[in-house]
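Report on the structure
Here's the letter readout for the chains.
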Amino acid sequence: MILRPRILFIANAGPDVGGGHVMRSLTLARALIAKGAACAFLAPPEVAAVLDAFGPDIPREDATSVDAEHLADAATGVQFDAVVFDHYGLARAEHEAVAHGRPTLVIDDLADRPLAADLVLDSGPARVAADYAFFADQARLLLGPDYAPVRPEFAALRQEALARRGGPVARVLVALGLTDLGKITARVVDHLRQRNGQVALDIVLGSSAGSLPGLRRVAAHDPRITLHVDTQDMAALTAAADVAIGAAGSTTWERCVLGLPSALLILADNQRPAALALAARDAALVVDAQDADFEAVLDRAIVRLLSDGATRARLSAASAEVCDGLGAARVAEAFLEIIATPRQPVPGDRS
């Protein structure tokens, strides 16, 4: 039995995919560390940039690129007992080449390619086991928002945040991803500035966000705007907000934990099923950035959030039922159980 397993994380990041893979992997890594594991990230520059801002204390192993071939090569020189993959560009062949028979956890949203996994985590509310029947038929599946990796500080603020929901709108949170795909944050802020009167705007961006220079100029003479760059206080900002406009990615579950009435912007195709499932539950308004009438739909969503208290109350109650914020610990426990289970040695394994 491995008393303190060393777990290697391989996640994707960059201008086209954002930082969400690394952020949710960091949350899971911290949950595993809390249960006694040792964790390290394979860290090409794109991943290292997110770690520098949000996980400087987490060990890392050097890599030159997030490309599949480079990651597999970089992993060959690393000592580890199990591996977590959060990279949609990797599939069964790459998983097997890296893991070489060691226990594997794959974090996924797509169910679109063969996986070599002992455990698959897909937190989408619309996901069912049959979706993975042909892609990960031997894996244990952890499906749905109960397993979403949410940082523990959100669960710690849950009761306080839910107790204050239902009042008028005084603060709007805008959080559309660290990399701000297509400078979407500036477009949303422009709509809000036209609609929100004296309501305060908390704008969350990464330090490399394309919207940041322009928003700094705007914020210099618009006292309603506060910019939060690479913020470490996301839980407090979410708890303090009355409504939000956020990307329909992994931060969706943070807002659900705190019952924050939200409009979700679909910024990538893989976000669409989860966002639409939440809309069907009346747990969020949804705006698709690819729609031809995006600007008009966004404006209508903003008006509803700001002016319709009944809508806010429904969204808050329904979203709070979706996710309790304890998923990371559940996933960590499940993976450590798999790691602790004796396995047949793989010929040629160098571990």
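Please read these numbers as outputs of a predicted model, since none were measured by experiment.

**Regarding the pattern of salt bridges**
Where charged atoms of side chains with opposite charge meet at close range, the side chains can pair. Evaluated as defined, the whole model comprises 21 salt bridges. In this structure, Arg 127 and Asp 122 form a salt bridge, with 2.7 Å as the shortest nitrogen-oxygen distance. Note that Arg 127 and Asp 131 form a salt bridge whose closest N and O atoms lie 3.2 Å from each other. Take Asp 131: its relative accessible area is 26%, and that puts it in the partly exposed class.

**Here's the deal with the sheet that holds strand 5 (residues 104-107)**
The seven strands are arranged 3-2-1-4-5-6-7 in an open sheet whose pairing can be described as parallel. Of all strands in the sheet, those bounded by a partner on one side alone are strand 3 (60-62) and strand 7 (140-143). If you compare each strand with its neighbour and ignore which way they point, the axes differ by 20 degrees on average. Relative to strand 3, strand 2 (residues 38-43) is paired through three bridges, and the arrangement is parallel. By the bridge assignment, Leu 42 is partnered in strand 3 with Glu 61. Packed onto the sheet, helix 3 (residues 68-75) meets strand 1 (6-11), strand 2 and strand 3 and runs at close to 135 degrees relative to strand 2. Sheet strands in contact with helix 14 (residues 327-340) are strand 1, strand 4 (82-86), strand 5, strand 6 (119-122) and strand 7, and its direction is about 170 degrees off that of strand 6.

The rules we used
- Residues numbered from 1 in each chain as written.
- Predicted model: local features only at pLDDT ≥ 70, side-chain atom pairs only at ≥ 80, totals over all residues.
- Heavy atoms only, no water.
- Salt bridge = Lys/Arg side-chain N within 4 Å of Asp/Glu carboxyl O.
- Buried < 20%, exposed > 50% of the residue type's maximum accessible area, 1.4 Å probe, protein only.
- Pairing = 2+ DSSP bridges.
- Helix = DSSP H or I, 4+ residues; strand = E, 2+ residues; numbered from the N terminus.
- Axes fitted to C-alpha atoms, helices over the stretch in contact; angles between N-to-C directions.
- Contact = heavy atoms within 4.5 Å.

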